[in-house]
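Letter by letter, the chains look like this.
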Amino acid sequence: MARPLVSIPKSVRRGDIFDIRILIAHPMESGQRRDDSGRAIPREIINRFICTYGGEEVFRAEFFPAIAANPFLTFSVRAVETGMIVMTWTDDLGASQFESAEIIVT
Amino acid sequence: MRRRMLIAGAALLALPPASARATKPEVAAAIRALTGGAPLRQGRIKLDIPLLVENGNAVALSVTVPEAPPEAARIRSIHIFAESNPNPNVINAFFGPRSGRPGLSTRIRLATSQTMIAVAACADGSFWTDSVELLVTLAACLDEV
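Cut-offs used in this document
- Residues numbered from 1 in each chain as written.
- Chains lettered and ligands numbered in written order.
- Predicted model: local features only at pLDDT ≥ 70, side-chain atom pairs only at ≥ 80, totals over all residues.
- Heavy atoms only, no water.
- Contact = heavy atoms within 4.5 Å.
- Buried area = accessible area lost by both parts, 1.4 Å probe.
- Salt bridge = Lys/Arg side-chain N within 4 Å of Asp/Glu carboxyl O.
- Polar contact = N/O pair within 3.5 Å; in protein donor to acceptor, adjacent residues only side chain to side chain.
- Helix = DSSP H or I, 4+ residues; strand = E, 2+ residues; numbered from the N terminus.
- Pairing = 2+ DSSP bridges.

## Focus on the interface of chain A and chain B
- Taken residue by residue, the interface counts 38 residues in chain A and 29 residues in chain B.
- In total, about 2900 Å² of surface goes out of reach between chain A and chain B, with carbon and sulfur atoms giving 48% of it.
- When the buried area of chain A at its contact with chain B is split by residue, Q32, F64 and A66 of chain A rank highest and sum to 18% of it.
- Remark: the boundary between chain A and chain B carries three salt bridges.
- A salt bridge links R98 of chain B to E56 of chain A, with the nearest nitrogen and oxygen atoms 3.8 Å apart.
- Where chain A touches chain B, the interface holds 18 residue pairs in polar contact (both at pLDDT 80 or more).
- Contributing elements (two or more residues each) for the side of chain A that touches chain B: β3 (17–23), β5 (56–63) and β6 (72–78) of chain A.
- The leading source of residues in the side of chain A that touches chain B is β5 of chain A, at eight residues.
- By the bridge criterion, five bridges tie β5 of chain A to strand β6 (residues 89–95) of chain B in an arrangement that is antiparallel. If you follow R60 of chain A over to β6 of chain B, its bridge partner there is F94 of chain B.

Below is the structure:
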């Protein structure tokens, strides 16, 4: 799978709120479409997304087929301490992928 | 005459409240499962989505909280429903204590013109909602490959 595009600031001041944006390459097959011969194409979407910061969960989402192909997500986090931001997502086949970045809090 | 009035009165009583009347049963049931029957109030959250959608395959949607409620009533989760999609659930988002502003933005699929509903669950047990009625000119979901 292609790597996702992620936008996380490198450093922030303690107490500030910053945005995380992520764009994941994924077809998000809804299960509603049919191929040329009329057979239903099975659903295959990313269904879970979790973001942790310093080991603590900050944001979690359950996706449904209504999320567009190549899911894009923005949410915000409060800067507490220097630490790792780890985002993990899982698809219907059980495959997991993650992306991480360190954020420096000054 | 009196009997007719009684019948009219009974019919009025049988009508669901205005907020529930507009909602499709499937979505109303999903919201009830979420709130456990607690009342839904208008406000606290705002659903931002174009009112006229040209392409239902990727529609920018965001939910914002214009004024953050006090810590005791912080927003724990936000749930979004598209009434007339094949599966009305769109996304459920949960916010931890380290989350910044509650809220999110993403891109969604819309099958047809419909009403979108957002529900926020607060830590004090209250539930808040916002909805938007929109028009879709090109639908998603049902296209051939």
